[in-house]
Amino acid sequence: DAMVIQNPRYQVTQFGKPVTLSCSQTLNHNVMYWYQQKSSQAPKLLFHYYDKDFNNEADTPDNFQSRRPNTSFCFLDIRSPGLGDAAMYLCATSSLMGYEQYFGPGTRLTVT
Amino acid sequence: GDSVTQMEGPVTLSEEAFLTINCTYTATGYPSLFWYVQYPGEGLQLLLKATKADDKGSNKGFEATYRKETTSFHLEKGSVQVSDSAVYFCALSSGGSNYKLTFGKGTLLTVNP
């Protein structure tokens, strides 16, 4: 089945230690998104790629970066995680901007 | 700007009860409307969608009708099951150059046997 895959499902990192979360898709969608979701809240968009074009949300901290080396893969890099960055990170894709988005299962990040 | 207001939870129902979760929206133009469901510890799954006025989205016994006159997209199910326990998010996309999904705050549904 075509899908959005996120690895790992659970990630523990230390305060200030860089961490990378990965996302891959078999849907061949043009657009890939990264969201942060904290407990009992709606997902918050961090940034998205339309093909190779990167678009950052205005309020996304500089601590968060992303890479998309090809259509299938996208990475979220957190350069110096703080305790406040502990959250569920969701990757999503859509065929075109504005169409429905398909989400991966998420990576639960814990910062110790 | 775009916004979505949905019924505050939590909602607790007995199995086989009727479910309604209210959702209203504010948007420019003619948005597409969505309901997403999130089971504990999981990502969001698209439950149903409607792309124009009077469209009815349906899936797994859930339904929602795009009502432009009342700017609403209420989620309904005639007979809920324990397995429907989850958080439900109403969302909209104005499409075109506006790539974002605008989410409501989510409604936690618990169904008891």
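Computed from a prediction, not measured in an experiment: that's the story for all the values here.

Reading the values: the criteria
- Residues numbered from 1 in each chain as written.
- Chains lettered and ligands numbered in written order.
- Predicted model: local features only at pLDDT ≥ 70, side-chain atom pairs only at ≥ 80, totals over all residues.
- Heavy atoms only, no water.
- Helix = DSSP H or I, 4+ residues; strand = E, 2+ residues; numbered from the N terminus.
- Rg over C-alpha atoms; globule rule 2.2 N^0.38 Å.
- Buried < 20%, exposed > 50% of the residue type's maximum accessible area, 1.4 Å probe, protein only.
- Contact = heavy atoms within 4.5 Å.
- Areas by Shrake-Rupley, 256 points an atom, 1.4 Å probe, with all protein chains shown as cover.
- Lys, Arg positive; Asp, Glu negative; His and termini not counted.
- Charge placed at Lys NZ, Arg CZ, Asp CG, Glu CD.
- Disulfide = S-S within 2.5 Å.
- Buried area = accessible area lost by both parts, 1.4 Å probe.
- Salt bridge = Lys/Arg side-chain N within 4 Å of Asp/Glu carboxyl O.

With that settled, consider the overall build of chain B. Counting its regular elements, chain B contains 0 helices and 12 strands. Computed over its C-alpha atoms, the radius of gyration of chain B comes to 14 Å, within 12% of the 13 Å expected for a compact globule of 113 residues. With respect to the three principal axes, the spread of C-alpha positions in chain B is 45 × 30 × 20 Å. Here chain B holds 113 residues, and 44% of them are scored as buried. Once local pairs closer than 6 in sequence are excluded, the contacts in chain B between residues at least 24 apart make up 56%. By element, 49% of the accessible surface of chain B is carried by carbon and sulfur atoms, the whole surface being about 5400 Å². Charged side chains of chain B number 9 positive and 11 negative; the gap between the two group centres comes to 7 Å.

A tally of regular secondary structure across chain A gives 0 helices and 11 strands. Taken from N to C terminus, the helices and strands of chain A fall in the order β-β-β-β-β-β-β-β-β-β-β. Its C-alpha radius of gyration of 13 Å places chain A within 12% of the 13 Å reference for a compact globule of 112 residues. Taking the principal axes of its C-alpha atoms as reference, chain A extends roughly 35 × 30 × 30 Å. Counting over 112 residues, chain A shows a buried share of 49%. Taking the intrachain contacts of chain A between residues at least 6 apart in sequence as the baseline, contacts between residues at least 24 apart amount to 56%. For chain A, the accessible area works out to roughly 5400 Å², and carbon and sulfur atoms hold 51% of it. A gap of 9 Å separates the mean positions of the 9 positive and 9 negative side-chain charges of chain A.

Outside of glycine, negative phi angles account for most residues, and trans bonds account for most peptide bonds. Cis geometry marks the peptide bond from asparagine 7 of chain A to proline 8 of chain A; its omega dihedral reads -15°. Within the secondary structure, proline 8 of chain A sits in the loop between β1 (4–7) and β2 (10–13). Proline 10 of chain B follows glycine 9 of chain B through a cis peptide bond whose omega is -5°. With respect to the element layout, proline 10 of chain B can be found in the loop between β1 (3–6) and β2 (11–14). A positive phi angle, close to 60°, is found at serine 40 of chain A, a residue other than glycine. Structurally, serine 40 of chain A is set in the loop between β4 (31–37) and β5 (44–50). Of note in this structure, aspartate 54 of chain B is not a glycine but carries a positive phi near 75°. Position of aspartate 54 of chain B relative to the elements: it lies in the loop between β6 (44–50) and β7 (56–59).

Here the focus is the state of the cysteines. Tallied over the entire structure, the rule returns 2 disulfides over all chains. What pairs with cysteine 23 of chain B in a disulfide is cysteine 90 of chain B, and their sulfur atoms sit 1.9 Å apart. Its S-S torsion of about -70° marks the bond between cysteine 23 of chain B and cysteine 90 of chain B as left-handed, since a negative value means left-handed. Here the residue cysteine 23 of chain B occupies a position in strand β4 (residues 23–26), and cysteine 90 of chain B occupies one in strand β10 (residues 86–93), the gap between them amounting to 67 residues. In terms of burial, cysteine 23 of chain B and cysteine 90 of chain B fall into one category: buried. Here cysteine 74 of chain A is not disulfide-linked; the sulfur of cysteine 91 of chain A is the nearest cysteine sulfur, at 6.0 Å.

Here we come to the interface of chain A and chain B. Accessible area lost upon the coming together of the parts is a frequently used measure of interface size. Each partner contributes residues to the interface: chain A has 21 residues there, and chain B has 20 residues. Overall, the association of chain A and chain B removes approximately 1600 Å² of surface from exposure, summing both partners, and the carbon and sulfur fraction of that is 56%. For the pair chain A and chain B, the number of links is 3 salt bridges. For lysine 49 of chain B, the salt bridge goes to glutamate 100 of chain A, with nearest N and O atoms at 2.7 Å.

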